[in-house]
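Listed below are the residues making up each chain.
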Amino acid sequence: MGVEKIPIYKPYIGEDESKIVAECMESTWISSQGKYINAFEQNIQKYTGANHAIAVSNGTVAIHLAMLALDIGHGDEVITTNFTYVASSNSILYVGAKPVFVDIDPLTWNLDPSLIEEKISPRTKAILYTNVYGVPGDYNELKRIADKHGLFLIEDAAESFGATFEEKASGTLGDISTYSFFGNKTITTGEGGMVLTPDRKLADKIRKLKNQGNSETVRYYHDILGYNYRMTNIQAAIGVAQLKKIKEILELKAQIQQNYEEGLKDLVNFQKLPDNSSSSYWMCSILFSTIKEKDHIIAKLNDEKVETRPFFTPIDELPFYEKIEDCPISKKISALGINLPSFPALETKDQSRIIELIRNNI
Ligand SMILES: Cc1ncc(COP(=O)(O)O)c(C=O)c1O
């Protein structure tokens, strides 16, 4: 028998999740009503300190709802990062607005605030930032610029559940913030997401938009064009079970990151955190010096059944976006980086094997 494949990610699920799902099945509350939707929203509010948390069907629709709730649409521009997961920028296209890409900081790989102001126009309505690979964006600067120019700040915290900025939970920093609970996220509900906001009016609007624009008073009457972006009770139940393990998950992931950093510190570069912040260490991410070196290591790890992930393609290089010339750092980082297996149950002996394989082949 050969060595077993080490995947890039595996959800940290077990007995507790099985039991709670079985309970939903027995109760027949399997659709988007049932006690776990409220419970999950309230538990997330308690954990993060958010005023309002609205469970939705995934992290992509969560950002779409943010755009809709802020009335962003045709003729508007949204400043955003060129280095993120495609769903983030797609939400700007969904509402007919224009994404205006800004380059990233070479150390944190997040939207570089010092490059934002030159891209603001009379049409700019919001800044959408991602906490890439779990590392919080430079919130204080982003907030200062947003306030100075009267822009909304939207935080895509899909990858940073559990991270903090100056002791505030990532996911509570935007006028609207969003999470994803996809299978590879810090906590998962299978597919799932959440929208968070400090503002009651926005929260009410988001609840209405996610639920077919239903009138509060007249049944089967819809005041606005809405969507079915609801989460199911089964998904929420899994979320309730997952959130109970959050401390353990974050500790395991921080330890995995620390092991990679110690084992590879003289060979590759790691993502830097802004001051007074903590990462969710969603996916350990490393930068090589050359593309040749990176490709060689990917091939060697693949030969040994270790899965890696390429970094995100710069958004402007996707065929349905306009190409741009002024984001060289995002292109450089994208070309030189990979993600390494970072799931909470990664065994120390397997991680040591990955580290040794990289050390011996670089
Ligand atoms: C930065 C970022 N934004 C948005 C999403 C979209 O979330 P989902 O896959 O739940 O739709 C993801 C997750 O895949 C992501 O990593």
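Everything quoted here is computed from the prediction, not taken from an experiment.

A. Region of the structure containing the packing of helix 2 (residues 35-48) against helix 7 (residues 233-243). Where helix 2 contacts helix 7, the axes come no closer than 8 Å and their chain directions differ by 35°. In terms of crossing hand, the pair formed by helix 2 and helix 7 is left-handed. Contacts between helix 2 and helix 7 pair Lys35, Tyr36, Ile37, Ala39, Phe40, Asn43, Ile44 and Tyr47 from the former with Asn233, Ala236, Ala237, Gly239, Val240 and Leu243 from the latter. Split into classes, the residues belonging to the contact of helix 2 with helix 7 amount to 10 nonpolar, three polar and one charged.

B. Expanded view of helix 10 (residues 328-336). Listed in full, the buried residues belonging to helix 10 are Ser330, Ile333, Ser334 and Leu336. The secondary structure elements touched by the buried residues of helix 10 are strand 12 (284-287), helix 9 (291-303) and strand 14 (337-340).

C. How the structure looks around the sheet that holds strand 10 (residues 269-270). Strand order in the open sheet made by the four strands is 10-12-14-13, with antiparallel pairing throughout. Every other strand in the sheet has two partners, leaving strand 10 and strand 13 (309-310) as the edge strands with one partner each. Both strand 12 and strand 14 contribute to a ladder of four bridges, which runs antiparallel. Opposite Cys284, over in strand 14, you have Leu340 as the bridge partner.

D. Representation of the environment of Thr178 in the model. Tracing the chain through its elements places Thr178 in strand 8 (residues 176-180). Each C-alpha atom, one on Thr178 and one on Gly193, is 7.2 Å from the other, the two residues being 15 residues apart in sequence. Among residues more than four places away in sequence, those in contact with Thr178 are Ala62, Ile63, Glu155, Asp156, Ala157, Ala158 and Met194.

About the thresholds
- Residues numbered from 1 in each chain as written.
- Predicted model: local features only at pLDDT ≥ 70, side-chain atom pairs only at ≥ 80, totals over all residues.
- Heavy atoms only, no water.
- Axes fitted to C-alpha atoms, helices over the stretch in contact; angles between N-to-C directions.
- Helix = DSSP H or I, 4+ residues; strand = E, 2+ residues; numbered from the N terminus.
- Left-handed = near helix turned anticlockwise from the far one by under 90°.
- Contact = heavy atoms within 4.5 Å.
- Nonpolar A, V, L, I, M, F, W, Y, C, P; charged D, E, K, R; others polar.
- Buried < 20%, exposed > 50% of the residue type's maximum accessible area, 1.4 Å probe, protein only.
- Pairing = 2+ DSSP bridges.

What is shown is where atoms sit, not what they do.
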